[in-house]
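Here is how the chains run, residue by residue.
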There are 2 protein chains.
Amino acid sequence: MTTIADVAKMAGLSRATVSRVLNNHPNVTEEKKRLVRDAMERLNYVPNSTAQRLRNQKTDTIAILVPVLTNPFFAYLLEAMDTVATENNLQLLVCQTRYDREKELNFLSLLKTKQVDGLILTSSENDWEIITEFTQYGPIVLCNEYSQVVNVPAVRMNNTEAAYRATRHLIEQGCRKIAYSYGEKKSSVALEREDGFRQALKEHSLPMNKSWIIRNVYDIEDGRGALNYLTKLSERPDAVFTGSDQVATGMIMEAKKQNIHVPGDLAIVGFDDQPIASIIEPGLTTIAQPIKQMGTRAMETMIEVILHKRELSYQEILLPFELIVRDSTNRFSFN
Amino acid sequence: MTTIADVAKMAGLSRATVSRVLNNHPNVTEEKKRLVRDAMERLNYVPNSTAQRLRNQKTDTIAILVPVLTNPFFAYLLEAMDTVATENNLQLLVCQTRYDREKELNFLSLLKTKQVDGLILTSSENDWEIITEFTQYGPIVLCNEYSQVVNVPAVRMNNTEAAYRATRHLIEQGCRKIAYSYGEKKSSVALEREDGFRQALKEHSLPMNKSWIIRNVYDIEDGRGALNYLTKLSERPDAVFTGSDQVATGMIMEAKKQNIHVPGDLAIVGFDDQPIASIIEPGLTTIAQPIKQMGTRAMETMIEVILHKRELSYQEILLPFELIVRDSTNRFSFN
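Owing to the predicted nature of the structure, the values given are computational and were not obtained by experimental measurement.

Break down the relation of the copies chain B and chain A for me, with residues and values.
Superposing chain B onto chain A takes a rotation of 180 degrees combined with a translation of 0.0 Å along the rotation axis, leaving an RMSD of 0.1 Å. Expressed as a symmetry operation, the mapping of one chain copy onto the other fits a two-fold axis. It is Val94(B) whose C-alpha, among those of chain B, lies nearest the rotation axis, at 2.4 Å. By residue overlap, the copies meet face to face through one surface: 100% of the interface positions of chain B are interface positions in chain A.

This is the structure we're talking about:
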């Protein structure tokens, strides 16, 4: 089947531009419209074919549960999902749980009351056993956080390996006293990352100092606080692997204010490769999550499930990450 | 009536923390829980009173239409709305229109099919006359963009005055050739800002050069492109008033790459005071929008409307802005 990607390739334009043309977006030049129409004709592409097959569905709406919208990771994940959904004439309902169990349960009930055709979970507040109960009411796909307990497809990256690679990178830069910070305690993502962090330390016989583990940090403000906490310790770390570009950015900002040199006094690694990672100076070394692919594959999986109405079961869709090295860990050119 | 703000004040904690305690958020210390409980007892505060009065409503759900979630302005606006909604036991459905008329119409239909109790619009793609038709199905409140045509409450800031102040600030810094960039052509916000920009130029008898007006710029990448466009002009501007911190940040990043000095060669003003405005170097002079107040007032207005079921009509709720001066326009200390 011809896809929108084929049309984009033939037209020499981005998928987003093709999508804008298909959706009659006002800000597209006539020239681009012509290129897309030509490519569609040559490829015999019919934009609404999938949507027509979906017509027996009731709502054409997929609920996406995210914890917070002010974290760009989730905003970009939603954007990727929305692009695929739009191509297939589905609409998204974005549900912000704000890390609250009750809110998550209310949103899960959208499946029960048939207000949505399917539901994608990007994090979870309730026990997986509770979430499992809702799979009887409609399809659920996991994206980012995961559990085999729920027995549905899970689109994610290998956080253990990413954390291992990030920590090993700090060790290779000469760091020996490495701190670690994360957000939600019981999330699969945080547990995996801590695993990878521990593995790298163990391999190099480095200590895991309990006072260098910082919990419940989520945003720039929390990062400032974490930096202040670390500077007050009698034995200070020489590096931090944070689970978040937001937290890492806050730490760099506060370090600059206090004349603590990054990376000379403290090397810092983020997570996500959000836009701020290349805005802050020094540039932030980070793990580039395959955000776009994760969102795309999760929505494509949901569409497959809705189309073929097949039984769901645990299926792991593991996507690649990348370590992006910038100046926040570049200790050799500094020393 | 005692509010959550009173409880927060008495407990010496933030509203967010009190809200987290009320929602049984897992990451709250026992000490904070105790402080909140004590304050609630002393004030005789009953958290669900408003929700009980709302019980005659069907869905307890408010739809919020936003154009894009990757623009932090809308993410923070939603966060403010969500805080008030949660306090009142309402849930939000976040609907991303991606500047698409069809998507907006689909989401507006949520009112018609009674899937939501009310709807808040933060931007509009369809003509206001079309949006007006939906007011017969349920309450609509406008927040950010506005029009008297729809005859409903509008919570917003004075964009004309803000643009005037920002432009006058550039003139006071010695700039005489000032460019202007914006996103959506027909949005009330862009029109107002252009008005203010023109007023300031006119007052100082400065030219409005057509090649210095840049349209359809939205994000960091667009900002980089805009900077490149300006540097290729035979007559270059010495300042830009952008409608967006994202665009301004992209311009600064690209200027640094090309050794164009900000503010020496080009002074730059953003809009919103998003986190990146203080992350980028030089720091970005910008208009701090009252995002939190806008979101809060819009949701409070919606709750009032739902509670008292009163007839809606045009009512302007105008909130104050602030010009935040940082180094991106500080030409005197540079010269």
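Moving on, there is more to tell.
Explain the pairing of strand S4 (residues 140–143) of chain B to me, using residue names and the numbers behind them.
Residues and elements named next belong to chain B. The side-chain alternation of S4 yields two buried faces, one formed by Ile 140 and Leu 142 and the other by Val 141 and Cys 143. Summarising the sheet, strand S3 (residues 118–121) and S4 pair through three bridges and their orientation is parallel. Across the sheet, residue Ile 120 finds its bridge partner in S4, namely Val 141. Regarding topology, helix H7 (residues 128–133) serves as the crossover connection from S3 to the parallel S4, and that connection is right-handed. Bridge count for S4 against strand S5 (residues 153–157) is two bridges, and the pairing is parallel.

So what's going on with the packing of helix H5 (residues 72–87) of chain A against helix H13 (residues 291–308) of chain A? Which residues, and what values?
Residue and element names in this part refer to chain A. Where H5 meets H13, the closest approach of the two axes is 8 Å, and the angle between their N-to-C directions is 45 degrees. Classed by the angle they form, the pair H5 and H13 counts as oblique. Both H5 and H13 take part in a crossing whose hand is right-handed. Taken together, the residues of H13 that come into contact with H5 (itself represented by Phe 73, Tyr 76, Leu 77, Ala 80, Met 81, Val 84 and Ala 85) are Ile 291, Lys 292, Met 294, Gly 295, Thr 296, Ala 298, Met 299, Glu 300 and Ile 303. When grouped by side-chain class, the residues that make up the contact of H5 with H13 number 12 nonpolar, two polar and two charged.

How would you sum up the nonpolar core? Please name residues and give values.
Within the largest apolar cluster, 56 residues are counted, with the highest numbers of intra-cluster contacts made by Ile120(A), Met299(A), Ile120(B) and Met299(B). Setting aside residues no more than four positions away along its own chain, Ile120(A) makes contact with Ile62(A), Ala63(A), Ile64(A), Leu65(A), Met81(A), Val141(A), Cys143(A), Ala298(A), Met299(A) and Met302(A). Within the second largest apolar cluster, 50 residues are counted, among which are Val262(A), Ala179(B), Val247(B) and Ile268(B).

Talk me through the environment of Pro282(A); I want residue IDs and the actual numbers.
Residue and element names in this part refer to chain A. Here Pro 282 lies in the loop between helix H12 (276–279) and strand S10 (286–288). A C-alpha to C-alpha distance of 31 Å links Pro 282 and Thr 122, two positions 160 residues apart in sequence. Residue contacts for Pro 282: discarding those within four places in its chain leaves Ile 252, Val 262, Asp 327 and Ser 328.

Explain the domain arrangement of chain A residue by residue, including any values.
Its domain assignment divides chain A into domain 1 (4–45), domain 2 (57–156 + 291–319) and domain 3 (159–289 + 323–334). Computed over C-alpha atoms only, the centres of domain 1 of chain A and domain 2 of chain A are separated by 29 Å.

Which residues make up the pattern of salt bridges, and what values go with them?
Applying the stated rule across the entire model yields 30 salt bridges over all chains. A salt bridge links Glu281(A) to Lys256(B); the nearest nitrogen and oxygen atoms lie 2.3 Å apart. Taken together, the residues Glu281(A) in the loop between H12 and S10 and Lys256(B) in helix H11 (residues 245–257) connect one chain to another. The class of Lys256(B) is partly exposed, set by a relative accessible area of 33%. One network of salt bridges, with partners in common, ties together Glu221(A), Arg224(A), Glu254(A) and Lys257(A).

Cut-offs applied
- Residues numbered from 1 in each chain as written.
- Chains lettered and ligands numbered in written order.
- Predicted model: local features only at pLDDT ≥ 70, side-chain atom pairs only at ≥ 80, totals over all residues.
- Heavy atoms only, no water.
- Least-squares fit on C-alpha atoms with pLDDT ≥ 70 in both.
- Contact = heavy atoms within 4.5 Å.
- Buried < 20%, exposed > 50% of the residue type's maximum accessible area, 1.4 Å probe, protein only.
- Helix = DSSP H or I, 4+ residues; strand = E, 2+ residues; numbered from the N terminus.
- Pairing = 2+ DSSP bridges.
- Right-handed = clockwise from strand over helix to strand, strands pointing away.
- Axes fitted to C-alpha atoms, helices over the stretch in contact; angles between N-to-C directions.
- Parallel < 35°, antiparallel > 145°, perpendicular 65-115°, else oblique.
- Left-handed = near helix turned anticlockwise from the far one by under 90°.
- Nonpolar A, V, L, I, M, F, W, Y, C, P; charged D, E, K, R; others polar.
- Core = buried A, V, L, I, M, F, W, Y, C linked by side-chain atoms within 4.5 Å.
- Domains from an automatic or database assignment.
- Salt bridge = Lys/Arg side-chain N within 4 Å of Asp/Glu carboxyl O.

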